[in-house]
Amino acid sequence: MPKHIKELILLDDASKAELDKFISENDTEEDIFNLGIRFFRYGKFDVSLGFFDEVLERNPDNMEALCNVGNVLFAKEEYEEAKKIFKQVVVKDPTVIKANIMLGSIFYKEQKYDEAISYWLIAHSMDVVDCSIIANLCMAYEKKGMNFITNYYYQKYLDYSVYQKTEDYELILYKVRKLNQVADYNFDIGLKYQKAQKFRAAAEAYLKVLEIYPNHLHANLNMGAICYKAGEYKDAAKFWYMAFIIDPKNAENAGNVALAYDKAGEYSYAYCFYKRYLDMKQGEDTFEVLRISQRAEEIKDKTGSANSHITAGDKHLANRNYFDALYEYENAKMISPQNTEIDKKINAMKVSLFPESSVSLKYFEQAEKYYKNKKFEDAAILLRKVIVLEKNNDELQREARTMINLCYKVINYKREHKLHGWN
């Protein structure tokens, strides 16, 4: 066992005596570990440490015992020492979720929100439906004043609370409802002014919406339209870009951003968003698609280097603004398609923002195995999770819905036969 861990576990005579009452040569590693847990719950932290010390003496690779040393030190408010232990755990085994959560908690206490977010995102990627982790991310982004991402995780929390409601559930539900109520109230005012062509008053109302709820799709769309009409093309691009982030599958959103950047003379961004629009319109030969395809070719030579987008993405990444980082790295990839290093950055951002996709695929594959083995109830449980979690893969969603309908037909058929005693 590392020396600095031994130095943490120095028992006084009374604690040693208490320890000796419970440990015998015949005790298994699991028995001693459970004693450590029991004494931790009693609040006898030093004795608890002694049991975990004994476990680690027998098995230095017991990461659960090492993690519990960190838990005890955290409970004793010895945060620096706890941090050392949890870091040692994640170095040895990065998949220990609890260690990542606790590191995030320590950094949060130290008001180091970027570091806290990093560890909590790792934990979230390993257990996407753990609402306590999502609630932690909400708190950290709220502290950073990043309302868009805070609201993104608020909504994710509510979506997944079907699996787990934490003590924060009512508070988060109240916050989201309140935000939506105030946002919708101001949006309705803005809409009335806009229809009356009182654009300044409309803009003031929409800005009130976006100040408290920047995730409001239609407020961003309408603000973009007002700015574009006024010739404020960079501002139009800013609001339409937010609409694109909220609804990235809508080709028109990408086209709006491209048009505004084009008018503003920001040809590198215009080209990249034209490309996004065209990718979503593949196979269509409409006049609009042909016109935009031609315009993209016209400004292609005016685009900047991929490096400028990579640099911008790195800055966003340093601020834990993963949405903007992702789209900057994608911009770089569009300009420099052969750069495989950019792929790594893009994939890292997607794993951080959308860990559900890889988890959903695993759930679906396991559900297929259950289905083939006629374990329809087990398959249905996993398929429900796929339907809730998967937002980006429409095909997987459809396949999951089709399979779960088949599962329920069989399940209901069996229930009917059992109810009526049919053979």
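Everything that follows concerns the structure shown earlier in this document.
Residues numbered from 1 in each chain as written. Predicted model: local features only at pLDDT ≥ 70, side-chain atom pairs only at ≥ 80, totals over all residues. Heavy atoms only, no water.

Caption draft 1: Looking closely at the side chain of N331. Inspection of the secondary structure assignment puts N331 in helix α19 (residues 322-335). In this view, N331 contacts Y269, C272, R276 and H309; residues no more than four positions away in its chain are not counted. (Helix = DSSP H or I, 4+ residues; strand = E, 2+ residues; numbered from the N terminus. Contact = heavy atoms within 4.5 Å.)

Caption draft 2: Spatial organisation of helix α3 (residues 29-42). With 14 residues, α3 should cover 20 Å at 1.5 Å per step; its first-to-last C-alpha distance of 20 Å lies within 8% of that length. For α3, the full list of buried residues reads I32, F33, L35, G36, I37 and F39. Note on α3: the residue one or two positions beyond its end, G43, has a positive phi of about 85°. (Expected span 1.5 Å × (residues − 1). Buried < 20%, exposed > 50% of the residue type's maximum accessible area, 1.4 Å probe, protein only.)

Caption draft 3: Geometry of the packing of aromatic side chains. Here the structure, examined in full by the defined rule, presents 24 aromatic pairs. Their ring planes at 40° and their centres at 5.2 Å tell us that F39 and F51 sit as a pair that is tilted. Pair noted here: F39 is in helix α3 and F51 is in helix α4 (residues 45-58), with a separation of 12 residues, a long-range link. Neither residue differs from the other here; F39 and F51 are each classed as buried. Ring plane angle 80° and centroid distance 5.4 Å describe the contact between Y371 and F376, whose orientation is recorded as edge-to-face. According to the relative accessible area criterion, Y371 is partly exposed, its value standing at 27%. Here F376 falls in the buried class, since its relative accessible area comes to 10%. By way of ring pairs, the aromatic residues Y141, F148, Y152, Y153, F323 and F354 are connected into one cluster. Across the ring face of F273, the terminal group of R276 is positioned such that the distance to the ring centre comes to 4.4 Å. (Phe/Tyr/Trp six-rings, centres within 6.5 Å; stacked < 30°, edge-to-face > 60°. Lys NZ or Arg CZ within 6 Å of the ring centre and 35° of its normal.)

Caption draft 4: The layout of surface pockets, seen in detail. Roughly 1200 Å³ of volume is contained in the largest pocket. If you trace the largest pocket, you find 32 residues lining it, with I245, I246, P248, F354 and N392 closest to the centre. For the lining of the largest pocket, the secondary structure elements donating two or more residues are α10 (147-160), α14 (233-246), α16 (267-280), α19 and α21 (356-372). Examining the composition of the lining of the largest pocket, we find that 7 residues originate from one element, α10, more than from any other. Taken together, the residues of the lining of the largest pocket break down into 15 nonpolar, 6 polar and 11 charged. Each pocket or cavity is described by its volume, and for the second largest pocket that value is around 350 Å³. (1 Å grid on protein atoms, 1.4 Å probe; cavity = no way out; pocket = protein on both sides within 12 Å on 5 of 7 lines; lining within 4 Å. Points joined across faces, edges and corners; volume = space filled by probe spheres on them. Nonpolar A, V, L, I, M, F, W, Y, C, P; charged D, E, K, R; others polar.)

Caption draft 5: Fine view of the nonpolar core. F86, W120, Y141, Y153, Y157, Y241 and F273 are the most contacted members of the largest nonpolar core, which totals 116 residues. In contact with Y141, other than residues within four places in its own chain, are I117, L121, M146, I149, T150, Y153, R320 and Y322. In this structure, A367, L382, V386 and I411 belong to the second largest nonpolar core, which totals 15 residues. (Core = buried A, V, L, I, M, F, W, Y, C linked by side-chain atoms within 4.5 Å.)

Caption draft 6: Structural view of helix α6 (residues 79-92). Compared with the 20 Å implied by 1.5 Å per residue over 14 residues, the 20 Å span of α6 between its first and last C-alpha is a close match. For α6, the set of buried residues is A82, K83, I85, F86, Q88, V89 and V90.

Caption draft 7: Representation of the packing of α6 against helix α7 (residues 97-109) within the structure. Between α6 and α7, whose axes approach to 9 Å, the crossing angle comes to 145°. In this structure, α6 crosses over α7, and the sense of that crossing is left-handed. Between α6 and α7, the contacting residues are Y79, A82, K83, F86, K87, V89 and V90 on the first element and A99, N100, M102, L103, I106, F107 and K109 on the second. Of the residues belonging to the contact of α6 with α7, the class tally is 10 nonpolar, 1 polar and 3 charged. (Axes fitted to C-alpha atoms, helices over the stretch in contact; angles between N-to-C directions. Left-handed = near helix turned anticlockwise from the far one by under 90°.)

Fair warning: the whole summary comes from geometry, so function is off the table for now.
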